[in-house]
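Take a look at the letters that make up each chain.
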Amino acid sequence: MDSANPLVGFSEILADVVQQASGAVVSVLGRYHFPSSGIHWQSDLVLTAQHTLEREEEIPVRLASGQTSTARLVGRDPGTDLALLKLESGHAISPLPVANLENLRVGSLAIALARLGEKGVSASLGVVGSLLEGWPTRRGPRLERVIRPDIRLYPGFSGGPLLDPMGNWIGMNTARLGRKLDFTLPADTVQRVASQLLEKGRISRGYLGVGMQSVRLPEALRQSLQVSAASGVILISLEPGGPAEQAGLLIGDVLVALEGVPVTDTYEVLALLGPERIGQTVNLRVIRAGALLEVSLVVGERPWGEA
């Protein structure tokens, strides 16, 4: 083997990065058919993808040392697909250094790591495929930024870290932030959400108490009511005693604006219901029986366990 070959040197560097970071990568047996990966965040705390957890107590976690520890669920957030686990006892670790995300560029090399049961650490190499701003997740918040890695993420890679070529932590990989695509939740978002889960066990979000879906508005109705958007959000169910029912909203009402901001699909509504809205009175503009109405509503807090 020619040690002067730059590819050999590059290969050795990547292997060293994987070896050094592997101490913070664990295997989480939170479901019965296949393990997922996790990030040993602090001595007794592990981060993982919440969609991979089918139990909340006595969750086996295989550490980099080969030791298996038992963990319990501290909190989970379906909106960001993040869960925080607490190990029975603390373990010495070297936390992953966090990457400077402002320097992250499309096309930059990236390495995804996973630990699949007793098989040791696994790695997959690729590039940062895209940086997406204001990404609407399927279960609530609009994230300031998500990363789409152009990397093959094999089964079990969800919950594991994405690293830059220096071994710095870019974020947590997950298969559940978008349909049929793998994404990486940025490390700063992961740590912010994890800190809230550690404090409260959940992420507080605003709540209307409705079932809803997007609906196209007839052109004649839009013109008569001077509504610019082509779609609105129709209410298909009301929770008894919920904020919407208390405000006098009805099934069949079509929501077209919240606090003056047009809404055309459920993602846009959920994006406007951050924790700062809880307890606030907001103004809704709805279409009912061909007429445009203004309705005031006090935003509630999403009940525990609801996505």
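Each remark here, short or long, concerns the structure printed above.
Residues numbered from 1 in each chain as written. Predicted model: local features only at pLDDT ≥ 70, side-chain atom pairs only at ≥ 80, totals over all residues. Heavy atoms only, no water.

> I'd love a proper account of the sheet that holds strand β6 (residues 82-87), names of residues and values included.
In space, the six strands of this closed barrel follow the order β1-β2-β3-β6-β5-β4, with antiparallel pairing throughout. Geometrically, the sheet is characterised by an average inter-axis angle of 40° between neighbouring strands, direction not taken into account. In this sheet, strand β2 (residues 36-42) lies alongside strand β1 (residues 25-28) in antiparallel orientation, the contact comprising four bridges. Residue V28 lies in a different strand from β2, and its bridge partner there is S36. Across the face of the sheet, helix α2 (residues 187-200) comes into contact with β2, β3 (45-49), β5 (68-77) and β6 while running at roughly 55° to β6. (Pairing = 2+ DSSP bridges. Helix = DSSP H or I, 4+ residues; strand = E, 2+ residues; numbered from the N terminus. Axes fitted to C-alpha atoms, helices over the stretch in contact; angles between N-to-C directions. Contact = heavy atoms within 4.5 Å.)

> Tell me about the pairing of β6, and name the residues and values.
Along β6, five of the six residues are buried, which leaves the element largely enclosed by surrounding structure. Pairing geometry for β3 and β6, over five bridges, is antiparallel. Directly across from T48, in β6, lies its bridge partner A83. Note that β5 and β6 share six bridges and pair antiparallel. Bridge pairing in β6 links R76 to A83. Counted between consecutive antiparallel strands, the loop separating β5 from β6 contains four residues, among which D81 sits at a positive phi close to 60°. (Buried < 20%, exposed > 50% of the residue type's maximum accessible area, 1.4 Å probe, protein only.)

> If you had to explain the pattern of salt bridges to someone new, which residues and values would you point to?
Counted according to the given criterion, the structure contains eight salt bridges. Its salt-bridge partner being D77, residue R205 comes within 2.6 Å of it at the nearest N-O pair. On the criterion of sequence distance, the pair formed by R205 in the loop between α2 and β13 (206-207) and D77 in strand β5 is long-range, its members being 128 residues apart. Accessibility assignment for this pair places R205 and D77 in one class, buried. Two residues, D253 and R288, come together in a salt bridge whose shortest N-O distance is 2.8 Å. Separated by 35 residues along the polypeptide, D253 in the loop between α4 (243-246) and β16 (254-258) and R288 in strand β18 (residues 281-288) bring together distant segments of the chain. Take R288: its relative accessible area is 25%, and that puts it in the partly exposed class. (Salt bridge = Lys/Arg side-chain N within 4 Å of Asp/Glu carboxyl O.)

> So what's going on with the nonpolar core? Residues and values would help.
With 31 residues, the main nonpolar core has L47, L82 and W169 as its most contacted residues. Examining the composition of this core, we find that five residues originate from one element, α2, more than from any other. Counting 20 residues, the second largest nonpolar core, distinct from the first, contains L208, L238, L272 and L284. (Core = buried A, V, L, I, M, F, W, Y, C linked by side-chain atoms within 4.5 Å.)

> With reference to specific residues and values, describe the side chain of R222.
Considering the arrangement of structural elements, one finds R222 in helix α3 (residues 219-225). Look at R222 and you get buried, because its relative accessible area is 17%. Among the polar contacts listed, one links the side chain of R222 to the backbone oxygen of A229, at a separation of 3.1 Å. Sequence-distant contacts of R222, that is, excluding residues within four places in its chain, are made with L217, V227, S228, A229 and A230. (Polar contact = N/O pair within 3.5 Å; in protein donor to acceptor, adjacent residues only side chain to side chain.)

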